[in-house]
Amino acid sequence: MVEFKEDVSIVLGGAAGQGIQTVEEILTRVLKLSGYNVYANKEYMSRVRGGINTTEIRVSSKKVRAFVRRIDILIPFKRGVLPWVEKRLTENTVVLGEKENVEEEYLSRVNFVEVPLNEMAKEVGSPLYLNTIAAGVVVGLFHGDFEALEEYLRKRFGSKGEEVVLKNIEAARKGYELGVKLCEEGTIRIEVKRDENVKKEVLLSGTEAVALGAVAGGMNFLSFYPMSPSTGVAVFSAQHAEDFEIVVEQVEDEIAAINMALGAWFAGARGMVTTSGGGFALMSEALSLAGMAENPVVIHLAQRPGPATGLPTRTMQGDLNLVLYSGHGEFPRIVLAPGSIEEAFYLTAEAFNLADKYQVPVIILTDQYFVDTYYNLPELDLSKIKVEKYIVESDEDYKRYKLTDDGISPRSIPGYGKGVVVANGNEHDEWGDITEDEELSRLMQEKRAIKKLETIRKNTMMPELVGRENAKYVIVAWGSTYHVIREALEVLNREDVAFLHFKWVYPLPEKVKGLLEGKVIIDIEQNVTAQFAELLKKEFGLEIHHKILKYDGRPFSVEEILDALKGVLE
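Every residue gets a number counted from 1 within its own chain, in the order that chain's sequence is written. Given that the model is predicted, a residue must reach a pLDDT of at least 70 before its local features are reported, and side-chain atom pairs must reach 80 or more before they are shown or counted; all residues, however, enter totals for whole chains, interfaces and linings. The side-chain numbers reported here are obtained from all heavy atoms of the structure, hydrogens and water having been left aside.

Colleague: What should I look at first to understand the overall build of the chain in this one?
Modeller: Working definition: helices are DSSP H or I runs of at least four residues, strands are E runs of at least two. Numbering for both runs from the N terminus. Each helix and strand counted, the chain has 20 helices and 22 strands in total. C-alpha atoms define the radius of gyration, and 2.2 Å times the number of residues to the power 0.38 defines the globule rule. Relative to a compact globule of 570 residues, whose C-alpha radius of gyration would be 25 Å, the chain shows 26 Å and is just as compact. When the backbone C-alpha atoms are referred to their principal axes, the chain occupies close to 85 × 60 × 40 Å. In the chain, buried positions account for 58% of the 570 residues. Contacts are assigned to residue pairs that have any heavy atoms within 4.5 Å of one another. A fraction of 73% describes how many contacts in the chain between residues 6 or more apart in sequence connect residues 24 or more apart. Accessible surface, the chain: about 23300 Å² in total, of which carbon and sulfur atoms supply 48%. Charge assignment: positive for Lys and Arg, negative for Asp and Glu; neither His nor the chain ends contribute. The location of each charge is read from NZ of Lys, CZ of Arg, CG of Asp or CD of Glu. Taking the average place of the 66 positive charges on the side chains of the chain and the average place of its 87 negative ones, the gap between the two points comes to 3 Å. Each residue's exposure class comes from its accessible area (1.4 Å probe, protein chains only) as a fraction of the maximum for that residue type: buried when under 20%, exposed when over 50%, partly exposed otherwise. For every accessible area listed, the method is Shrake-Rupley and the probe measures 1.4 Å; residues are considered covered only by the protein chains on display.

Colleague: Explain the side chain of S480 to me, please; I cannot follow it from the model alone.
Modeller: Secondary-structure assignment places S480 in the loop between β18 (473-478) and α17 (482-492). For S480, a relative accessible area of 8% corresponds to the buried category.

Colleague: Explanation requested: the pairing of strand β16 (residues 374-377) in the structure shown.
Modeller: Consecutive side chains of a regular strand alternate in pointing toward one face of the sheet and then the other. The alternating pattern of β16 places Y374 and N376 and Y375 and L377 on opposite faces, both of which are buried. Note on pairing: DSSP must find at least two bridges between two strands before they are called paired. Pairing of strand β3 (residues 37-43) with β16 involves two bridges; the strand directions are antiparallel. Paired with A40 across the bridge in β16 is Y374. Where strand β9 (residues 202-205) and β16 come together, four bridges link them in antiparallel fashion.

Colleague: Where do I start with the packing of aromatic side chains in this structure?
Modeller: Where two aromatic rings form a pair, the distance of their centres and the angle of their planes describe that pair. For Phe, Tyr and Trp, where Trp contributes only its six-membered ring, two rings pair if their centres lie within 6.5 Å, and the inter-plane angle classes them as stacked under 30 degrees, edge-to-face over 60, or tilted in between. Under the definition given, this model contains six aromatic pairs. Ring centres of F146 and Y176 lie 5.2 Å apart, and the angle between their planes is 65 degrees; this geometry places the pair in the edge-to-face category. With F146 in helix α5 (residues 146-157) and Y176 in helix α6 (residues 162-184), this residue pair connects regions lying 30 residues apart in the sequence. Of the two residues, F146 and Y176, both sit in the buried class. Both rings, one in F345 and one in Y346, keep their centres 5.3 Å apart while their planes meet at 75 degrees; by these two values the pair is edge-to-face. Judged by its relative accessible area of 4%, F345 is buried. Positioned over the ring face of F157 is R156, at 5.3 Å from the centre of the ring. Two limits define a charge over a ring: the Lys NZ or Arg CZ must be within 6 Å of the ring centre, and within 35 degrees of the ring normal.

Colleague: Teacher, can you tell me more about the sheet that holds strand β22 (residues 546-549) here?
Modeller: The strands that make up a sheet are held in pairs by hydrogen bonds between backbone atoms, and each pair lies either parallel or antiparallel. The strand order across the open sheet built from five strands is β17-β19-β18-β21-β22, with neighbouring strands paired in mixed fashion. What marks the edges here is a single partner per strand, and that holds for β17 (464-466) and β22. Going from strand to strand, the sheet's axes swing by 20 degrees on average, the running direction of each strand aside. Two strands pair when backbone bridges link them, and strand β21 (residues 520-525) and β22 are joined in this way by four bridges, in the parallel orientation. As a rule, the C-alpha atoms of each element are fitted with a line to give its axis, helices using only the stretch in contact, and angles between N-to-C directions run from 0 to 180 degrees.

Colleague: Help me out: how do you make sense of the packing of helix α1 (residues 20-33) against helix α4 (residues 130-141) in this one?
Modeller: What describes two packed helices is the angle between their axes and the distance between those same axes. It is at 9 Å that the axes of α1 and α4 come closest, and there the two elements cross at 30 degrees. In terms of their interaxial angle, α1 and α4 are classed as roughly parallel. Crossing of α1 over α4 shows right-handed handedness. For the pair α1 and α4, the contacting residues are V23, I26, L27, V30 and L31 in the first and N131, A135, V138 and V139 in the second. Under the scheme applied, nonpolar residues are Ala, Val, Leu, Ile, Met, Phe, Trp, Tyr, Cys and Pro; charged residues are Asp, Glu, Lys and Arg; polar residues are all the others, including Gly. Here the residues of the contact of α1 with α4 are counted per class, giving eight nonpolar, one polar and no charged. Orientation labels follow simple angle bins: below 35 degrees gives roughly parallel, above 145 gives roughly antiparallel, 65 to 115 gives roughly perpendicular, and whatever is left gives oblique. The sense of a crossing depends on the near helix, which, turned anticlockwise from the far helix by less than a right angle, makes the crossing left-handed and, turned clockwise, makes it right-handed.

Colleague: Just checking my understanding: could you explain the sheet that holds β9 for this structure?
Modeller: The strand order β7-β6-β5-β2-β4-β3-β16-β9 describes an open sheet built from eight strands, whose pairing is mixed. Two strands close off the open sheet at either side, each with one partner strand: β7 (111-114) and β9. The mean inter-strand angle of the sheet, taken between neighbouring strand axes irrespective of direction, is 20 degrees. Where strand β2 (residues 7-16) and strand β5 (residues 73-76) come together, four bridges link them in parallel fashion.

Colleague: In this structure, what is going on with the packing of helix α10 (residues 254-266) against helix α12 (residues 284-293)? I would like to understand it.
Modeller: At their nearest, the axes of α10 and α12 sit 9 Å apart, and the two run at 20 degrees to each other. By the angle class used here, α10 and α12 are roughly parallel. As for the relative orientation of α10 and α12, their crossing is right-handed in sense. Seen from α10, the contacting residues are I258, N259 and L262; seen from α12, they are A286, L287, L289 and A290. Within the contact of α10 with α12, the residues separate by chemical class into six nonpolar, one polar and no charged.

Colleague: What should I look at first to understand unusual backbone geometry in this one?
Modeller: In terms of backbone geometry, most residues other than glycine have negative phi values and most peptide bonds are trans. Of note, the amide linkage connecting S228 to P229 takes the cis form, showing an omega dihedral of 5 degrees. Here P229 shows up in the loop between β10 (221-224) and α8 (231-239). With an omega of -5 degrees, the peptide bond running from G306 to P307 counts as cis. Within the element layout of this structure, P307 appears in the loop between β13 (297-303) and α13 (320-325). The backbone of N493 shows a phi angle near 55 degrees, a positive value even though the residue is not glycine. The exposed category is assigned to N493, whose relative accessible area is 66%.

See the structure below:
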């Protein structure tokens, strides 16, 4: 008998087109409705069919938010899955499935339990029911709520007719009964506590959090050109466009997308663009237009490995330098990088206030791992969000680019007041008319690049400190590595190690220097050149003592972080 307590990592593997994501969808929702904490993340190849795709689902007695390397239960839907995940297998791994899907050399290395999924599916009526049977087996292993499973299947397949619904329920019951039987016979034993409160929580992905946060922040226009892994934000927004009363436009290219968003802001709307690194590269000229015209815009950039097409369905934190230095000329921008799904919601909402207030591009950096992750969490608190608008009514002497001490000029929109509103991509005077006056040009450059940047810097968010302020070692990280580092630190359990997580990446507040001076700094990020470490050095002259970097397109696991930290500390 193999026992799993408190936390179980389940991995499903198969070819693109085999319905792995359908099983993931069923399991996460039904197990949550059964009172279990769940976390899920997928990895997939950039092909329509074939290859090997996997999904990891953690089921736990406590809240879980991070990817782990180990596999407790593996369900292969085709041959080739075990070699693909070989490094993640342990002597305790249980493989559930058909012998034909398990290579001979692995039978002695894992705990193989033959489950005739295809045969059971054919008994129901078609091999297509294999996925539902597999989902039923896993729910049965946890003695989950079968009524919740049945209800979900009715919603999931209701549009395909009653016969299909009943067949799926029959398939799920066959699988469920087998899962329960495996436990009762002592083949597998699982002890994970339920929590009734979990049933009432929401299951949210990074993609959905960004989209919902944008709507909560007042977004009423979204333009995009499809590019993985960012497209999900646009698709989700389009699916709910009528509910949210927003306009979603798929346009001919990324240049059109950002220019439409700039036009939306100029007219008084709140626009966002969602893209990835290659798409953002095409937007750099329009980014400079936003800088010169002091036109707000919000850009969501979901990172993937580059250069060029790179690994289009993998993850990386490789675009920090791109967003920091993109665009010709000098002008400020704000860069945000949420570390949790909750943060993605609140930060994205706040991005619209920041763009409106400071009249700059605000860039939200996520990545493939982040947008494709989801877990259960308490309902989001909408009372924390306030839509703040800074548009003023123009008078007859209205100066769009008025020189001010803080670098922020009054922004009006056409038709709101008696003044003439001019937006200009050329150098301009205070009214917005083109000028080549040397004194005015100097003052306008200083207004944008110095005064406005300093005003923003004074109001930036401080990073989150996890641990003691007087700790000898301080980990610095940004964005999506937040939860995996936190879980590794919980296991490490050392009071002399603290963690400083940056969700506001640029500009950085001056107080950061004081938090890091005299410490042994450990930088953790997913790129080749430690881009955030270089930013800290540039901004504050701080030397990073140790760098833990990963850049193979796969996310950090808890175990990897833990092993790397032990190597540094010991």
